[in-house]
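# Inside the fold
Take a look at the letters that make up each chain.
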Amino acid sequence: MVEIAYWSGTGNTEAMAQEIAAAAKAAGADVESVLMEDTTPDAVAQHDVILLGCPAMGSEELEDSVVEPFFTAIAPKLSGKKVGLFGSYGWGTGEWIDTWKQRAQDAGAIVFGTAIVNETPDNSEECAALGKAAAAQ
Ligand SMILES: Cc1cc2nc3c(=O)[nH]c(=O)nc-3n(C[C@H](O)[C@H](O)[C@H](O)COP(=O)(O)O)c2cc1C
């Protein structure tokens, strides 16, 4: 089972989640995709293959009201888990995903992939590759 949990303000990261889920399903995986607002860190941490999604917010930061507390709570439970990270960005260079990857690795996660897309994805190769990689874990 591939568990996808994400936050999206204007729908771009949500569209990425849909493309990633479709690719993972096409590669034979069972997929559950949920909004972070609709689940809990404990529920997501039950899974061994976890994809977390958040756009670049703040100044190359995670969204601060939902995602930052969610990630802070799940991080201690990620040791040994296979984790992928994804999100949409605007004008930056992707620094937020690099910082996020480092935080996940510092928590002991095995980060098998990341996907970033400028604004709205359109059959993104990055999303397809991350979904396929998740299915192969
Ligand atoms: C408050 C706010 C802060 C943002 N900060 C950044 C940033 O630091 N770097 C960047 O590349 N894009 C930034 N963006 C642009 C968003 O990451 C971009 O519009 C993204 O597509 C939004 O994804 P979503 O539709 O899933 O919310 C910011 C957008 C908002 C609204």
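Residues numbered from 1 in each chain as written. Predicted model: local features only at pLDDT ≥ 70, side-chain atom pairs only at ≥ 80, totals over all residues. Heavy atoms only, no water.

### Concerning unusual backbone geometry
- Residue Glu60 is not a glycine yet carries a positive backbone phi of 60 degrees.
- With a phi close to 55 degrees, Glu119 is a non-glycine residue in the positive phi region.
- With respect to the helices and strands, the residue Glu119 is situated in the loop between strand S5 (110-118) and helix H5 (125-135). (Helix = DSSP H or I, 4+ residues; strand = E, 2+ residues; numbered from the N terminus.)

### Details of the packing of helix H1 (residues 12-26) against H5
- Between H1 and H5, the shortest axis-to-axis distance is 7 Å and the interhelical angle comes to 45 degrees. In terms of axis orientation, H1 runs oblique to H5. In the crossing of H1 with H5, the sense of the turn from one axis to the other is right-handed. Judged by residue contacts, Met16, Glu19, Ile20, Ala23 and Ala24 of H1 engage Cys127, Ala128, Leu130, Gly131, Lys132 and Ala135 from H5.
- Per-class residue counts for the contact of H1 with H5 are 8 nonpolar, 1 polar and 2 charged. (Axes fitted to C-alpha atoms, helices over the stretch in contact; angles between N-to-C directions. Parallel < 35°, antiparallel > 145°, perpendicular 65-115°, else oblique. Left-handed = near helix turned anticlockwise from the far one by under 90°. Contact = heavy atoms within 4.5 Å. Nonpolar A, V, L, I, M, F, W, Y, C, P; charged D, E, K, R; others polar.)

### So, the pairing of strand S4 (residues 82-89)
- Within S4, 7 of the 8 residues are buried, which leaves it mostly tucked inside the rest of the structure.
- Where strand S3 (residues 49-53) and S4 come together, 5 bridges link them in parallel fashion. By the bridge assignment for S4, Ile50 is matched with Val83.
- Note that the unit made of S3, helix H3 (residues 67-74) and S4 has a crossover that is right-handed.
- Sheet analysis places S4 next to S5, joined by 8 bridges and oriented parallel. (Buried < 20%, exposed > 50% of the residue type's maximum accessible area, 1.4 Å probe, protein only. Pairing = 2+ DSSP bridges. Right-handed = clockwise from strand over helix to strand, strands pointing away.)

By themselves, these are just geometric observations and shouldn't be taken as functional.
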